[in-house]
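So you can see what is in the structure, the chains are spelled out below.
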Amino acid sequence: MYTIRSYEKVKTLEEAYELNQKKTSTIIGGGLWLRLGNRAIGTAIDLSELGLDQIEETEDAFIIGCMTSLRTIECHEGLNRYFHGMMGEVMKGIVGTQFRNTATIGGSLYQRFGFSDPLTAFLALDTTVELYHAGEIPMARFVTMDYDRDILVRIRVKKNGGQAAYQSFRNTKTDFPVLTTVVSRTDGRWQIAVGARPGRAALVEGTEALAAEPSEEEIRAFAAKASETLVFGSNMRAGKAYRKVLAEVLIERAVRDVLHTAISSER
């Protein structure tokens, strides 16, 4: 459990940033992930009055405020239409509906939790993160950064015309995932993100392009090579050898889903 000494509902991001420079301060977001820790919080900083709980759809991007709930993303018509229901699939396995109504995307992404389904998903898409001090940076860079005292303000998911698919495995329905995988394809370029390794989600490096209509053998070889480039670990949910085999299976399935989505979109 954690204890809070003072609570501040800020009026500006500047005020939030200044308060957050103290090591004992914490942006509480939805507050739920704090229960995974055990420490004293000097100042709990609440961003709920800054209008960052909305999703804006523009001609070329979806802009998601850091206080947007996972449930709002799960049910967003525009996101699900554009990504063919994938965002709903990514979110719906996270604990339960009441939890997702409270948990925020900023809380899920900023800590770079290895088990974060949304982090895996946005990493495989054309996504940037807006930080108050550092500005806008690619999600791939954000994932590898050390923690600092900056504030995640928004994420931007570009509409690049690609297709994407999500696959995951859990030992029980509402448990943290054993492994998550998101595969995307844009203009023939494939991108694979794998989370719950159990470390932070990571992009697979050096994947080769598949043929427009690959054979089953080509898909299996593609998935096997992708799995070989990743480092897996063990925890209470699975061992590293099992995760490696599971990664191949989930990547294969996600590739097939992407190809099926592409065919459906052309009809």
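Quantities reported herein were computed from a predicted structural model and do not represent experimental measurements. Residue positions are given per chain, counted from 1 along the sequence in the order it is written. For this predicted model, a pLDDT threshold of at least 70 governs which residues receive local features, and a threshold of 80 or more governs which side-chain atom pairs are given and counted, while totals over whole chains, interfaces and linings are taken from all residues. Each side-chain value is derived from all of the structure's non-hydrogen atoms; neither hydrogens nor water enter the calculation.

(A) Quick peek at the side chain of Asn80. The secondary structure listing takes helices from DSSP runs of H or I that are at least 4 residues long and strands from runs of E that are at least 2 residues long, numbered from the N terminus. Tracing the chain through its elements places Asn80 in helix H3 (residues 77–82). What qualifies as a polar contact is a pair of N or O atoms within 3.5 Å, subject to a donor-acceptor requirement within protein and to the restriction that residues adjacent in sequence count only when both atoms come from side chains. A polar atom in the side chain of Asn80 sits 3.0 Å from the backbone oxygen of His76. Every residue pair with non-hydrogen atoms within 4.5 Å of one another is taken to be in contact. The residues contacting Asn80, other than those within four sequence positions of it, are Ile73, Glu74, Cys75, Gly85, Met86, Met87 and Gly88.

(B) Looking closely at the pairing of strand E3 (residues 40–46). A 1.4 Å probe rolled over the protein chains alone gives each residue an accessible area, and that area as a share of the maximum for its type sets the label: buried under 20%, exposed over 50%, partly exposed in between. Most of E3 is tucked away: six of the seven residues are buried. In this sheet, E3 lies alongside strand E1 (residues 3–9) in parallel orientation, the contact comprising six bridges. Its bridge partner being in E3, Ser6 is matched across the sheet by Thr43. With three bridges connecting them, strand E2 (residues 25–27) and E3 associate as parallel partners. Counterpart to Ser25 in the pairing with E3 is Thr43. Two strands make a pair as long as DSSP finds a minimum of two bridges between them.

(C) Region of the structure containing the sheet that holds strand E7 (residues 135–138). In spatial order, the strands read E4-E5-E8-E6-E7; together these five strands make up an open sheet with antiparallel pairing. Both edges of this open sheet fall to strand E4 (55–57) and E7, since each of them pairs with a single strand only. Between one strand and the next, the sheet's axes are offset by a mean angle of 20°, whatever the strand orientation. Two elements, E4 and strand E5 (residues 61–65), share three bridges in a ladder whose sense is antiparallel. In this description, a line fitted to the C-alpha atoms serves as the axis of each element, helices being fitted only across the stretch in contact, and the angle between N-to-C directions of two axes falls anywhere from 0 to 180 degrees.

(D) How the structure looks around the state of the cysteines. Counting rule for disulfides: a pair of cysteine sulfur atoms within 2.5 Å. Counted by the stated rule, this structure contains zero disulfides. With no disulfide of its own, Cys66 lies closest to Cys75 among cysteine sulfurs, the gap being 20 Å. Residue Cys66 is classed as buried on the basis of its relative accessible area, which comes to 4%.

(E) Broad picture of the sheet that holds strand E10 (residues 179–186). The strand order E9-E10-E11-E12 describes an open sheet built from four strands, whose pairing is antiparallel. Each edge of the sheet is formed by a strand with only one pairing partner; in this case those strands are strand E9 (163–169) and strand E12 (202–203). As paired strands, strand E11 (residues 189–195) and E12 are joined by two bridges and run antiparallel to one another. The residue bridging Ala193 from the neighbouring strand is Leu203, located in E12.

(F) Spatial organisation of the packing of aromatic side chains. Each Phe, Tyr or Trp ring (for Trp, its six-membered ring) is paired with any other whose centre lies within 6.5 Å, and the angle between the two planes then decides the class: stacked below 30 degrees, edge-to-face above 60, tilted in between. Evaluation of the coordinates by the stated rule reveals nine aromatic pairs. A centroid spacing of 4.8 Å and a plane angle of 10° characterise the contact between Phe113 and Phe115, whose relative ring orientation is stacked. The burial state of Phe113 is the same as that of Phe115; both residues are buried. Both rings, one in Phe169 and one in Tyr242, keep their centres 6.4 Å apart while their planes meet at 70°; by these two values the pair is edge-to-face. Remark: Tyr242 occurs in helix H10 (residues 240–266) and Phe169 occurs in strand E9; sequence separation between them is 73 residues. Residue Phe169 is classed as partly exposed on the basis of its relative accessible area of 30%. For a ring to carry a charge above it, either NZ of a lysine or CZ of an arginine must fall within 6 Å of the ring centroid while also lying within 35 degrees of the normal to the ring plane. One residue, Arg112, lies across the ring of Tyr110, its end atom 5.0 Å from the ring centre. For the cation-ring pair, Lys159 lies above Phe62, with the distance from its terminal atom to the ring centre recorded as 4.8 Å.

(G) Structural view of the nonpolar core. Counting residues in each nonpolar core, the largest one holds 50 residues, and the members touching the most others are Leu47, Ile64, Met86, Phe122, Met139, Phe142 and Leu152. Among the elements that line this core, the one with the most residues is helix H7 (residues 117–124), at five residues. If we skip the residues at most four places from it in the chain, Leu47 touches Val10, Ala16, Ile27, Cys66, Met67 and Ile151. To define a nonpolar core, start from buried Ala, Val, Leu, Ile, Met, Phe, Trp, Tyr and Cys residues and group those joined through side-chain atoms within 4.5 Å. In this structure, Val183, Leu210, Ala238 and Val258 belong to the second largest nonpolar core, which totals 25 residues.

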